[in-house]
Amino acid sequence: MIITIGGLAGSGTTTAATILSEKLHIPYLSAGEIFRQMAHERGMDILEFGKFAEGNDEIDLEIDRRQAQLAKEKKDLIVEGRLSAYFVEADLKIWFVAPIDIRTKRICMREDKTIETVKKEIITRGKSEATRYHEIHGIDIGNMEVYDLVINSHSFQPEGIAEIILKVTEVISCQQ
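### Brief notes about the nonpolar core
Core analysis: the largest hydrophobic core is formed by 19 residues, its most contacted members being Ile5, Ile94, Phe96 and Ile165. Of all the secondary-structure elements, those providing two or more residues to this core are strand E1 (2–7), helix H1 (13–24), strand E4 (92–97), strand E5 (149–152) and helix H8 (158–175). Broken down by element, this core gets its largest block of residues, five residues, from H8. Those residues in contact with phenylalanine 96 that lie beyond four places of it in its chain are Ile5, Gly6, Gly7, Leu8, Ser11, Gly12, Thr13, Ala16, Ile151, Ser153, Ile161 and Ile165. In terms of nonpolar packing, the next biggest core, distinct from the first, is built from 15 residues, Ala31, Ala53, Val79 and Val88 among them.

### A word on the environment of tyrosine 28
Among the secondary structure elements, tyrosine 28 is positioned in strand E2 (residues 28–30). In this structure tyrosine 28 comes out as partly exposed when scored by relative accessible area, which is 24%. Sequence spacing of tyrosine 28 and threonine 18 is ten residues, and the spatial spacing of their C-alpha atoms is 6.9 Å. For tyrosine 28, the side chain forms a polar contact with the side chain of glutamate 80, separated by 3.4 Å.

### A word on the pattern of salt bridges
Applying the stated criterion across every chain, the model contains 14 salt bridges. Notably, a salt bridge pairs glutamate 58 with arginine 65, separated by 2.1 Å at the nearest N-O pair. Judged by its relative accessible area of 42%, arginine 65 is partly exposed. A salt bridge links arginine 65 to glutamate 62, with the nearest nitrogen and oxygen atoms 3.1 Å apart. With arginine 65 and glutamate 62 both in helix H4 (residues 57–72) and three residues apart, this pair spans about one turn of that helix.

Each value, and the rule that gives it
Residues numbered from 1 in each chain as written. Predicted model: local features only at pLDDT ≥ 70, side-chain atom pairs only at ≥ 80, totals over all residues. Heavy atoms only, no water. Core = buried A, V, L, I, M, F, W, Y, C linked by side-chain atoms within 4.5 Å. Buried < 20%, exposed > 50% of the residue type's maximum accessible area, 1.4 Å probe, protein only. Helix = DSSP H or I, 4+ residues; strand = E, 2+ residues; numbered from the N terminus. Contact = heavy atoms within 4.5 Å. Polar contact = N/O pair within 3.5 Å; in protein donor to acceptor, adjacent residues only side chain to side chain. Salt bridge = Lys/Arg side-chain N within 4 Å of Asp/Glu carboxyl O.

This is how it looks when you write it as structure tokens:
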């Protein structure tokens, strides 16, 4: 089964993908992992590559192509990334939402930054990504029609989210 998991920064996609990978015994691939691999291929660290990618639409397009190709080569895979559902042929496409204050707190805990700093970064990054996604791909990141399941990750603990998704995968497996 191919599953995509997307969501805005701090919505819990990485945590969910990791738990699901363990529970389903299938590999997990993240857009961030591909980004790091591409940086390594060019002999750059993440910060250098990030600056390089800002002015180079081809980087985003290459991440999308690599995700789609890797998913085609696998029978079972979890692909985590904001735009994965648009480029990966998946049996289940999931999007996570969470209130900005919750996402801010989560990011503060992992990055040791102030709430004010993180909230400003989330808002700035969100606007920038929404513009980029629209300009590069014609995608409205706020349009949920491509997703089979939208989960408010604030409403459940990570294990509970994994259980919800597992139940949905059981239903899909029975229908195939």
